[in-house]
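So you can see what is in the structure, the chains are spelled out below.
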Amino acid sequence: MEFAGKFPLLFGADMLAAVAFAVTGALVASRKGLDILGFMWLAILTGVGGGTLRDLVLDVPVFWVVEPAHVVACLLTAVVMFYVAPKVESRYRLVLWFDALGLAFVTVAGTVKGLDHGAGPLIAVVMGVVTASFGGIVRDVVGNEQSVILRREIYVLAALLGGSTYVILSTLVLDRIEAAVCAFVVTFVVRGLAIVFGWSMPSYYREPRPIDDPTRRDRK
Amino acid sequence: MEFAGKFPLLFGADMLAAVAFAVTGALVASRKGLDILGFMWLAILTGVGGGTLRDLVLDVPVFWVVEPAHVVACLLTAVVMFYVAPKVESRYRLVLWFDALGLAFVTVAGTVKGLDHGAGPLIAVVMGVVTASFGGIVRDVVGNEQSVILRREIYVLAALLGGSTYVILSTLVLDRIEAAVCAFVVTFVVRGLAIVFGWSMPSYYREPRPIDDPTRRDRK
Amino acid sequence: MEFAGKFPLLFGADMLAAVAFAVTGALVASRKGLDILGFMWLAILTGVGGGTLRDLVLDVPVFWVVEPAHVVACLLTAVVMFYVAPKVESRYRLVLWFDALGLAFVTVAGTVKGLDHGAGPLIAVVMGVVTASFGGIVRDVVGNEQSVILRREIYVLAALLGGSTYVILSTLVLDRIEAAVCAFVVTFVVRGLAIVFGWSMPSYYREPRPIDDPTRRDRK
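Position labels on residues start from 1 in each chain and follow its written sequence. Labels follow written order: the first chain is A, the first ligand is 1, and so on. Totals for whole chains, interfaces and linings use all residues, but because this is a predicted model, local features are given only for residues with pLDDT of at least 70 and pairs of side-chain atoms are given and counted only at 80 or more. Side-chain descriptors were evaluated using all non-hydrogen atoms of the structure, hydrogens and water having been removed beforehand.

Draft legend 1. Inspection of the overall build of chain A at higher detail. Only DSSP runs of H or I with at least four residues qualify as helices, and only runs of E with at least two residues qualify as strands; both kinds are numbered from the N terminus onward. Looking only at helices and strands, chain A has nine helices and zero strands in total. Listed by position from the N terminus, the elements making up chain A come as α-α-α-α-α-α-α-α-α. Residue burial is assigned from relative accessible area. The probe radius is 1.4 Å, only protein chains are included, and a residue is buried under 20% of its type maximum, exposed over 50%, and partly exposed in between. Classification of the 220 residues of chain A by burial places 64% in the buried group. Long-range contacts, defined here as pairs at least 24 residues apart, represent 75% of the contacts in chain A between residues at least 6 apart. Using a 1.4 Å probe, accessible areas were evaluated by the Shrake-Rupley method; residue-level cover was limited to the displayed protein chains. Just so you have it, chain A exposes about 7,700 Å², and 70% of that area is on carbon and sulfur atoms. Residue contacts are counted whenever heavy atoms from the two residues lie within 4.5 Å of one another.

Here is the structure:
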């Protein structure tokens, strides 16, 4: 628990993020009708994916190699979900809500760890946003779902606001724990309201028309 | 060959895994009607993908940067396959068999290297399983094939059993080479039997029904 | 700017590559009708993706963490494109041309940095080619576009020729700046001609026939 001792805040955020995202990975595995090992695989991939990218980019030891507890948590989550998921898998909104939880935790963890390792405020926030969405992206790509990032409703904005909240509060007024809690709440509430009310941001969307692309010879 | 000298076992496993996966990458390239450089690209991506992720996560020098032999092997494999593949590409089972070979080699290499660099048994096995399937996942995602992980037959289980075999045997009785050979055999045989008999594990699969998801507005 | 001071050539190439690829990411975001944060997300992912992989594999600090200027450039590009893209998004060729620019810059940056950090000529060129196509691959995979690598026209070849040009010229005759300029020109011209004339390399392509694969049970 040496790692956990040094960064209890990070340890907790990573752990909760791993479990929340592992649930979404398992739910996707359930919708695909995978066996229990498929559940475990997608749970681990989604649960630790974002934090792994973060640690690689920051060039620090990958958290789940230092502290296996996160992987154990993902595996246990997968086992539980394997028996629970069939009863809830049709409720796609559950994926959205646990994804929102994971989003909030990873945003905080990413921003905190970014700042802790000397990244500037901007990079720290970008780190939080990118790693927060990475796990879900991988889950959706591997699981043949539509990338969460391609949905129009508010998703990245929640992470952006949450990360900024931590940067501002931790530098100005509060200690890191309080700032992290506020950042978590901001991210989760914004994302949650977007889910409830289907909030989306304006876009210049136009119906895609057949693209003039002589080089496009799709063979699929 | 300094790297090869230090870890002859790893060098061999990585090399054989690179060739086996390079063959599958080239076969996919062939099915997509790519040119020879497309063959090389997919062969390298699939051949060294898993080991690259493993080395990044373990924070050790990436094996093919230290020892270019693996990349050369992938390139030669791609060239050979460019002329051979058209005669065999319809035999999709060939992809499965070489994929099984690669799976066994990467599982061993991942588990061995994980243990060698101080990861605990659990993490070492997870390392073996994840890196073993990573190359195939990337190949399938980039090549627009269905992710190997989404197939229901036994795949991850083979890697799991193989990795566990190495951990147990190498700690208890045998020297690392013997343990690695046993682990390879276990992985390949289990996966091979699954291919031959279409073995699959039980799942709670239900036919996907239209998902109630107000946020889903697919634009493709 | 310490990093920029040490490698002005790399700094410039990375910056221009980031902007060029950010434009393509934003154009894809525009075709998907994403909001401005979706633009920023895809712009950053595409703009710094290739260089990030390169730095991770070379085990050097990731360039945009050391020097945030690249991320700022991607963000500004995304904002501009958010308002400009709708007027041009139907011109898919614009994606191709900016992608060609990015390809040329990343190829140079990848090869240069590979050599600078002690990789052999072969690995340096492979580094250039792989990282040059990586950003576009990620953009296409996340954006649900056909992977650029699956198109048959000349793409990888351009990067291959460009990278080789740098290796040869820099070792034999010219200083690194001149060699880099030549490599850029070679890559961009070859790729550009391929776009203009739809050049493609020979392949053994056969019309895909239903694959005999008993293990394939697609559930989507």
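From this point, things continue past the structure.
Draft legend 2. Layout of the packing of aromatic side chains. All names here are of chain A. Ring geometry is summarised as follows: Phe, Tyr and Trp rings, the Trp one being its six-membered ring, pair when their centres sit within 6.5 Å, and such pairs are stacked at plane angles under 30 degrees, edge-to-face over 60 and tilted between the two. For the structure on display, the rule yields 15 aromatic pairs over all chains. When the ring of Phe-82 is compared with that of Tyr-83, the centres are 5.2 Å apart and the planes differ by 85°; the resulting orientation is edge-to-face. The class of Phe-82 is buried, set by a relative accessible area of 7%. Members of the aromatic cluster, each reached through a chain of ring pairs, are Trp-97, Phe-105, Phe-184 and Phe-188.

Draft legend 3. The nonpolar core, seen in detail. Only buried Ala, Val, Leu, Ile, Met, Phe, Trp, Tyr and Cys residues count toward a nonpolar core, and they belong to the same one when joined by side-chain atoms within 4.5 Å. One finds Phe-39 and Trp-64 of chain A, Phe-39 and Trp-64 of chain B together with Phe-39 and Trp-64 of chain C to be the most contacted residues of the largest nonpolar core, which totals 233 residues. Other than its neighbours up to four places away in sequence, Phe-39 of chain C contacts Ala-26, Ala-29, Ser-30, Leu-34, Ala-78, Met-81, Phe-82 and Ala-85 of chain C.

Draft legend 4. Representation of empty space enclosed by the protein. The pocket and cavity definitions rest on a 1 Å grid over protein atoms only: a 1.4 Å probe that fits but cannot leave marks a cavity, an open set with protein on both sides within 12 Å along at least five of seven lines marks a pocket, and residues lining either have an atom within 4 Å of a point. Grid points are joined across faces, edges and corners, and a volume is the space filled by probe spheres set on the points. Per the stated rule, a full pass over the model turns up 14 cavities of 30 Å³ or more. By volume, the largest cavity is sized at about 160 Å³. For the largest cavity, the lining is made up of 18 residues, of which Leu-56 and Asp-59 of chain A, Leu-56 and Asp-59 of chain B together with Asp-59 of chain C are closest to its centre. The set of elements that each furnish at least two residues to the lining of the largest cavity consists of helix H3 (36–58) of chain A, helix H3 (36–58) of chain B together with helix H3 (36–58) of chain C. Residue polarity follows a fixed list, in which Ala, Val, Leu, Ile, Met, Phe, Trp, Tyr, Cys and Pro are nonpolar, Asp, Glu, Lys and Arg are charged, and the others, Gly among them, are polar. Residue composition of the lining of the largest cavity, by class: 12 nonpolar, no polar and six charged.

Draft legend 5. Looking closely at the pattern of salt bridges. All names here are of chain B. Any carboxyl oxygen of Asp or Glu that lies within 4 Å of a side-chain nitrogen of Lys or Arg is treated as forming a salt bridge with it. Summed over the entire model, instances satisfying the criterion amount to 18 salt bridges over all chains. Between Arg-139 and Asp-99 there is a salt bridge; the shortest N-O distance is 3.2 Å. Linking Arg-139 in helix H7 (residues 121–142) with Asp-99 in helix H6 (residues 92–116), this pair joins segments that are 40 residues apart in sequence. With relative accessibility at 2%, the residue Arg-139 sits in the buried group. For the salt bridge of Arg-139 with Asp-140, the shortest nitrogen-to-oxygen distance reads 3.1 Å. On the basis of relative accessibility, which here comes to 2%, the residue Asp-140 falls in the buried class.

Draft legend 6. Broad picture of the packing of helix H2 (residues 8–31) of chain A against H3 of chain A. Residues and elements named next belong to chain A. Note on geometry: axes are C-alpha line fits, over the in-contact stretch for helices, and angles between N-to-C directions span 0 to 180 degrees. Packing of H2 against H3 leaves a shortest axis separation of 7 Å and a crossing angle of 140°. Classified by the interaxial angle, the pair formed by H2 and H3 is oblique. Seen along the crossing, H2 lies across H3 with a hand that is right-handed. The segment H2 lies against H3, with Asp-14, Ala-17, Ala-18, Phe-21, Ala-22, Thr-24, Gly-25, Ala-26, Val-28, Ala-29 and Ser-30 engaging Gly-38, Phe-39, Leu-42, Ala-43, Thr-46, Gly-47 and Arg-54. Considered class by class, the residues forming the contact of H2 with H3 number 10 nonpolar, six polar and two charged. The cut-offs work like this: below 35 degrees is roughly parallel, past 145 is roughly antiparallel, 65 to 115 is roughly perpendicular, and the gaps in between are oblique. Crossings are sorted by hand: turned counterclockwise from the far helix by less than a right angle, the near helix makes the crossing left-handed, and turned clockwise it makes it right-handed.

Draft legend 7. Local environment of the side chain of Thr-187 of chain B. Residue and element names in this part refer to chain B. In this fold, Thr-187 is placed in helix H9 (residues 176–197). For Thr-187, a relative accessible area of 0% translates into the label buried. Not counting residues up to four positions away in its chain, the partners in contact with Thr-187 are Leu-103, Ala-104, Thr-107, Ala-158, Ala-159 and Gly-162.

Draft legend 8. Quick look at the environment of Pro-121 of chain C. Residue and element names in this part refer to chain C. Relative to the elements of secondary structure, Pro-121 occurs in helix H7 (residues 121–142). Separated by 47 residues in the primary sequence, Pro-121 and Cys-74 place their C-alpha atoms 30 Å from one another. In this structure, Pro-121 is in contact with Leu-115 and Val-167, ignoring residues within four places of it in sequence.

Draft legend 9. Seen up close, a nonpolar patch on the surface. A contiguous nonpolar patch, built from Ile-177, Val-181, Val-185, Val-189, Leu-193, Val-196, Phe-197 and Trp-199 of chain A and spanning about 690 Å² of accessible area, is present on the exposed surface. Within the secondary structure layout, Val-181 of chain A lies in helix H9 (residues 176–197). Surface patches are defined over residues having more than 30% relative accessible area and no salt bridge, joining like charges when they lie within 9 Å and nonpolar side chains (Val, Leu, Ile, Met, Phe, Trp, Tyr) when within 5 Å.

Draft legend 10. Fine view of H9 of chain B. All names here are of chain B. One less than the number of residues in a helix, times 1.5 Å, gives the span that helix is expected to have. An ideal rise of 1.5 Å per residue puts 32 Å on 22 residues; H9 measures up with 31 Å between its terminal C-alpha atoms. When we look at burial in H9, the residues that qualify are Ala-179, Ala-180, Ala-183, Thr-187, Val-190, Arg-191, Gly-192, Ala-194 and Ile-195. Lining the buried residues of H9 we find helix H2 (8–31), H6 and helix H8 (156–172). Here a polar contact is taken to be a pair of N or O atoms separated by no more than 3.5 Å, where protein atoms must pair a possible hydrogen donor with a possible acceptor and residues adjacent in sequence count only if both atoms sit in side chains. Its side-chain oxygen at 2.7 Å from the backbone nitrogen of Ile-177, Asp-175 defines the N-terminal cap of H9. Remark: Gly-198 follows H9 within two positions and exhibits a positive phi of approximately 60°.

Draft legend 11. Highlighting helix H6 (residues 92–116) of chain C. Residue and element names in this part refer to chain C. The first and last C-alpha atoms of H6 sit 36 Å apart over 25 residues, in line with the 36 Å expected at 1.5 Å per residue. Along H6, 18 of the 25 residues are buried, which leaves the element largely enclosed by surrounding structure. Two residues or fewer after H6 comes Gly-118, characterised by a positive phi angle close to 85°.

Draft legend 12. Looking closely at the environment of Lys-32 of chain C. Residue and element names in this part refer to chain C. Examined against the element boundaries, Lys-32 turns out to sit in the loop between helix H2 (8–31) and H3. Among the residues examined, Lys-32 registers a relative accessible area of 9% and is labelled buried. Between the C-alpha atoms of Lys-32 and Asn-144, which are 112 residues apart in sequence, the distance is 9.2 Å.

Draft legend 13. Representation of the confidence of the model for chain A. You can read pLDDT as the predictor saying how much it trusts each residue, on a scale of 0 to 100. When pLDDT is averaged along chain A, the result is 81; 87% of the residues meet or exceed 70. This model gives residues 1–6 of chain A a pLDDT under 50, and the stretch forms eight contacts once residues within four places in sequence are excluded.

Draft legend 14. Region of interest: the environment of Leu-10 of chain B. Residue and element names in this part refer to chain B. Mapped onto the elements of the fold, Leu-10 is located in helix H2. According to the relative accessible area criterion, Leu-10 is buried, its value standing at 1%. As for Leu-10 and Ile-149, which are separated by 139 residues in sequence, their C-alpha atoms are 25 Å apart. Beyond its immediate chain neighbours, meaning those up to four positions away, Leu-10 contacts Ala-109, Val-112, Lys-113 and Asp-116.

Draft legend 15. Representation of unusual backbone geometry. Residues other than glycine seldom take positive phi values, yet Asp-59 of chain A does so here, at roughly 55°. Relative to the assigned elements, Asp-59 of chain A resides in the loop between H3 and helix H4 (63–66).

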